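# Architecture and fold: a report
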Amino acid sequence: MNRRNFLKTTALGAAIAASPISFSAFGSPTKSTGRSGRLNLSFAPYELKLRHAFNLAKYQRTTTPDVQVQIEYDGIIGYGEASMPPYLGESVDSVTSFLSKLDLSQFSDPFRIEDIMAYLESVAPNNRAAKASVDIALHDLLGKIMGQPWYKIWGLNPQKCPNTSFTISYDADPAEMKAKIDETAPFKVIKIKMGLDHDKELVNAIRSRTDTAICVDVNQGWSDKEQALEMCHWLAERNCLFVEQPMPKEMIDETAWLRERSPLPIIADEFLQRLPDVKRAAAAYDGINIKLMKSTGMHEAYQMAVLARSLGMKIMLGCMTETSCAVTAAAQLAPMVDWADLDGNLLIANDRFDGIKIVEGKVTIPDRPGIGVELL
Ligand code: MG
């Protein structure tokens, strides 16, 4: 998409009027001519259009609100993004309001990540996606200044990236269900949502067409621990790798009970957000699902991965429905994790970026500096 169309589709004009921040650089190429010596933040709302309606245990949706972010420093531009699925409690208003409060021009050294993230924390609590958008843009900027992608800066081997899962949902129409299953052919892992009606029908439909491994996300949908255990045994006999967030996040004792008995690893998603939650999760779960929109971005996500490893936990790397910007930023961490669920960019029809590729089912990180994306 060219700059003119992007401006049209994002209602950027309204955002300019509402915000004191300069948007002059938004949508321009990676390099501009200015040399400011200061961090300049700009942002614009961008509604993500989903290729298929998204069915979860609690609701359905066809779009996801999103805010695209840029940080410019000495003529170099870093890209970031905040994606706001409704259950996270953030919105375009809350994100743009948070970003409008920031004054990054006080930082003359963009490498002070700790100071900058501490400043974001001091401006307001929560606002995790908004903080992530700044963190991602900052990491993109710093990687570009250093001329290296973040997986290299972190010393990670890109050959160790895991396969990624691809999510499909149940369809009562057998022809539609067959088409959805066939769409998963390039992937080595199929992710399904459970805790809805037709849980077993969905697995049986998949198994009638393919032996591809599955992983299951219950999104807190099971409330009876005995039934949850029964389902874990049933799934274990059907080439399932793990079960994500089987019970409500408040049911910690029941989840610990299940974890003791389940033949499959039990992974925390809704239960945890940030670094201090990792230790709590270790008491009831075998592993954690790290997502940049929960962790406030790459800086804390990396720390969470290191801590989880030291606690002997499994790590899953997930995402929201996002453009390739945030998904490719997350992919920089992929060599550290056991399982990736990085299909968020594949679920939208209006991506702005080229970045992460899935090659024979495996996460492949672009060999470009920063987070590794280019505007389309
Ligand atoms: Mg999940």
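Everything here concerns the structure above.
Residues numbered from 1 in each chain as written. Predicted model: local features only at pLDDT ≥ 70, side-chain atom pairs only at ≥ 80, totals over all residues. Heavy atoms only, no water.

### What about the pattern of salt bridges?
Opposite charge on two side chains lets them pair, provided their charged atoms get close. Taken as a whole, this structure holds 24 salt bridges when the rule is applied. Between E47 and K49 there is a salt bridge, with the nearest N and O atoms lying 3.1 Å from each other. With a relative accessible area of 42%, E47 lands in the partly exposed category. For D277, the salt bridge goes to R280, with nearest N and O atoms at 3.4 Å. Of this pair, D277 and R280 both sit in helix α11 (residues 275-282), three residues apart, which is roughly one turn of the helix. Members of the salt-bridge network, linked through shared partners, are K191, K193, D217, E244 and D341. (Salt bridge = Lys/Arg side-chain N within 4 Å of Asp/Glu carboxyl O. Buried < 20%, exposed > 50% of the residue type's maximum accessible area, 1.4 Å probe, protein only. Helix = DSSP H or I, 4+ residues; strand = E, 2+ residues; numbered from the N terminus.)

### Topic: a nonpolar patch on the surface
A contiguous nonpolar surface patch, about 300 Å² in accessible area, is contributed by F111, I145, M146 and I153. The residue I145 is located in helix α5 (residues 128-146) in this model. Judged by relative accessible area, I145 falls into the partly exposed class, the value being 33%. (Patch = residues over 30% accessible without salt bridge, like charges linked within 9 Å, V, L, I, M, F, W, Y side chains within 5 Å. Areas by Shrake-Rupley, 256 points an atom, 1.4 Å probe, with all protein chains shown as cover.)

### Concerning the sheet that holds strand β7 (residues 189-193)
Read across the open sheet, the eight strands follow the order β6-β7-β8-β9-β10-β11-β12-β13; overall the sheet is parallel. Two strands lie at the open edges of the sheet, namely β6 (165-168) and β13 (339-340), each paired on one side alone. The sheet contacts of helix α9 (residues 225-236) involve β8 (213-217), β9 (240-244) and β10 (266-268), and relative to β9 the element is tilted by about 155°. (Pairing = 2+ DSSP bridges. Contact = heavy atoms within 4.5 Å. Axes fitted to C-alpha atoms, helices over the stretch in contact; angles between N-to-C directions.)

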